[in-house]
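Chain residues, written in single-letter form:
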Amino acid sequence: MADAVIGRVAALLRQSERILFITGAGLSADSGMPVYRGVGGLYNGGGTEDGLPIEVALSGAQFARAPAVTWKYLLQIERACRGVQPNRGHEVIAGLEREKPGTWVLTQNVDGLHLRAGSRQLIEIHGRFSDLYCLHCDYRETVADYAALGDLPACPDCGGGIRPAVVLFGEMLPETALDTLQRELSVGFDLIFSVGTSSLFPYIAAPVYQASQWGMPTVEINPGDSDVSDYCQYRIRSGAAQALGEIWNAYQSLA
């Protein structure tokens with residue numbers, strides 16, 4: 001049964017020119033990334049050593065109130081993820097973009113692994129951990145890791161506070177990313193994948209709901225159920241990297 005679904009999905013890929021991959025923490029988990037509800041499995045109990053729920057510690061309000069607390073957990077998460085490399089799933093998605101220029105990625109992940117794998121038509125809706133900026137001047141920098149940062153990083157130009165260009169809890173989504181998403185959705189897609197995400201956020205689930213309503217083929221790759229499972233025509237109960245690797249092999253065999 002699984003092989004039959006893989007084959008049908010590969011055939012759909014061959015027929016499609018505009019493809020959207022919606023990816024979440026499950027894809028990065030196959031690279032060894034810890035998965036705490038999209039950030040890191042360090043806090044599955046929800047609490048922190050400061051007695052705050054992790055969603056509070058990593059919120060925009062907490063950063064404004066006490067940035068050292070938020071930076072404490074940003075640094076812990078970055079250390080846990082340091083050295084992680086793109087996996088076969090990231091590589092397959094990037095390879096499809098090279099073959100089919102209408103391929104896009106909408107990702108919740110902030111790890112930059114899609115970019116490192118070669119994806120360029122990329123909507124990083126929650127930002128990227130490696131991009132830092134100053135809250136007080138024009139300083140911007142992309143760093144390989146946070147090894148050189150102190151407990152409360154300061155701008156090397158003006159001495160003001162800096163932060164990563166990621167969406168903290170309670171903050172607005174980046175306008176440029178939202179505009180790009182709406183533009184590409186308005187053009188339309190032939191095929192939509194939901195990969196390794198529970199699809200809890202409305203802007204992540206909405207493209208799948210819309211595709212289902214319009215009769216567009218949809219594929220979910222996820223070991224368990226999600227909020228969009230019942231709306232996906234094809235469901236592959238597997239890890240993301242393994243399933244995408246098998247789909248790629250079947251796709252290549254149809255060439």
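These notes cover the structure that comes with them. Just so it is clear, the structure is predicted and the values come from calculations on it, not from any experiment. (Residues numbered from 1 in each chain as written. Predicted model: local features only at pLDDT ≥ 70, side-chain atom pairs only at ≥ 80, totals over all residues. Heavy atoms only, no water.)

### Things to note about the packing of aromatic side chains
Note the cut-off: Two rings from Phe, Tyr or Trp (for Trp, the six-membered ring) form a pair when their centres are within 6.5 Å of each other. A pair whose planes differ by under 30 degrees is stacked, one over 60 is edge-to-face, and the rest are tilted. The way it works is that DSSP assigns letters per residue, a run of H or I at least four long becomes a helix, a run of E at least two long becomes a strand, and they are numbered from the N terminus. Between buried and exposed lies partly exposed: a residue is buried under 20% and exposed over 50% of the maximum accessible area for its type, with that area taken using a 1.4 Å probe on protein chains only.
Taken as a whole and assessed by the stated rule, the structure comprises six aromatic pairs. Centroid distance Phe129 to Tyr146: 5.4 Å. Interplanar angle 20°. Geometry classified as stacked. Taken together, the residues span a long stretch of sequence, with Phe129 in strand 4 (residues 127-134) and Tyr146 in the loop between strand 5 (140-142) and strand 6 (162-166) at a distance of 17 residues. Here the two residues Phe129 and Tyr146 agree in accessibility, since each one is buried. Taken together, Trp71, Phe129 and Tyr146 form an aromatic cluster joined through their ring pairs.

### Describing the sheet that holds strand 9 (residues 234-236)
Keep this limit in mind: A pair of strands counts as paired when DSSP detects no fewer than two bridges linking them. What counts as an axis is a line fitted to C-alpha atoms, over the stretch in contact for a helix, and the angles between N-to-C directions run from 0 to 180 degrees. The contact rule is simple, with two residues in contact once any of their heavy atoms fall within 4.5 Å.
The six strands lie next to each other as 3-2-1-7-8-9, forming an open sheet whose pairing is parallel. At either end of the open sheet lies a strand with only one pairing partner, and these are strand 3 (122-124) and strand 9. Adjacent strand axes in the sheet meet at a mean angle of 15° when their direction is disregarded. Bridge count for strand 8 (residues 218-221) against strand 9 is three bridges, and the pairing is parallel. In the sheet register, Ile221 faces strand 9, and the bridge partner there is Ile236. Contacting strand 1 (18-23), strand 7 (191-195), strand 8 and strand 9, helix 10 (residues 240-253) runs over the sheet at an angle of about 135° to strand 8.

### Digging into the nonpolar core
Going by this rule: As used in this record, nonpolar core signifies buried Ala, Val, Leu, Ile, Met, Phe, Trp, Tyr and Cys residues forming a set joined through side-chain atoms within 4.5 Å.
Core analysis: the biggest nonpolar cluster contains 28 residues, and Phe21, Phe193, Ile221 and Ile236 have the highest contact counts within it. The greatest single-element share of this core, amounting to seven residues, is contributed by helix 10. Leaving out residues up to four positions away in the same chain, Phe193 has contacts with Val9, Leu13, Ile19, Leu20, Phe21, Ile22, Val219, Ile221 and Ile247. By size, the runner-up hydrophobic cluster in this structure holds 25 residues, among which are Trp71, Tyr73, Tyr139 and Val166.

### Section: the pairing of strand 8
Consecutive residues of a regular strand have side chains that alternate between opposite faces of the sheet. Of the two faces of strand 8, both are covered, the one formed by Thr218 and Glu220 as well as the one formed by Val219 and Ile221. For strand 7 and strand 8, the ladder comprises four bridges, and the chain directions are parallel. The residue of strand 8 that forms the bridge with Ser194 is Glu220.

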